[in-house]
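Geometric and topological summary
Read off the chains here:
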Amino acid sequence: GKLPLRVSATAIRDVLGGGVSVVHWLTDKKTGAFYGSVFVQMESMEEARRVMTMDNIKMEKKNLKLNFAPLKEGEDWPPEGFIEKEFPPIGL
């Protein structure tokens, strides 16, 4: 969380040092606007572990907050029909 509102999927991949397979922008349900958080799927568990050990990850002077969230049993991700976009949506 706490991403700058003007960020790109490429910038997220760069700051995490590679290993990112999917960037999914989280948006407000009413407005569709991006609010500074993403779900990121890593290419492997090793990449996920590596990223979770990184300290002081910053984008545009903001410290990023990382959380690990494994898939629940039977859960598919990314969602069906998902198409990754380079930039987050701005909403209505």
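That block above? That's the structure.
A few words on the overall build of the chain. Per the secondary structure count, the chain includes 2 helices and 4 strands. Going from the N terminus to the C terminus, the chain shows its helices and strands as α-β-β-α-β-β. For the C-alpha atoms alone, the extent of the chain along its principal axes is close to 40 × 40 × 20 Å. Every one of the 92 residues in the chain was classed for burial, and the buried ones make up 28%. Taking all contacts inside the chain whose residues are at least 6 apart in sequence as the whole, residues at least 24 apart take part in 61%.

In this section: the nonpolar core. Proteins that are soluble and globular tend to have nonpolar side chains buried together. Residues Leu3, Ile12, Val23, Trp25 and Val38 are the most contacted members of the largest nonpolar core, which totals 16 residues. Mapped by element, the contributors of at least two residues to this core are helix 1 (9–15), strand 1 (20–27), strand 2 (34–42) and helix 2 (45–52). The residues touching leucine 3, leaving out its near neighbours within four places in the chain, are Ile12, Phe34, Gly36, Ser37, Val38, Met59, Lys62 and Leu64.

Counted under the stated rule, the structure contains 2 aromatic pairs. Pairing phenylalanine 39 with tryptophan 77 gives two aromatic rings, centres 6.2 Å apart and planes at 90°, and the pair type is edge-to-face. With phenylalanine 39 in strand 2 and tryptophan 77 in the segment after strand 4 (62–63), the pair connects residues that are 38 residues apart, well separated along the chain. Relative accessible area serves as the criterion here: at 42%, phenylalanine 39 is assigned to the partly exposed category.

Secondary-structure assignment places methionine 52 in helix 2. On the accessibility criterion, methionine 52 (35% relative accessible area) is partly exposed. For methionine 52 and lysine 65, which are 13 residues apart along the polypeptide, the C-alpha to C-alpha distance reads 10.0 Å. Excluding residues that lie within four positions of it along the chain, methionine 52 makes contacts with Leu66, Asn67 and Phe68.

Thresholds, definitions, all that
Residues numbered from 1 in each chain as written. Predicted model: local features only at pLDDT ≥ 70, side-chain atom pairs only at ≥ 80, totals over all residues. Heavy atoms only, no water. Helix = DSSP H or I, 4+ residues; strand = E, 2+ residues; numbered from the N terminus. Buried < 20%, exposed > 50% of the residue type's maximum accessible area, 1.4 Å probe, protein only. Contact = heavy atoms within 4.5 Å. Core = buried A, V, L, I, M, F, W, Y, C linked by side-chain atoms within 4.5 Å. Phe/Tyr/Trp six-rings, centres within 6.5 Å; stacked < 30°, edge-to-face > 60°.

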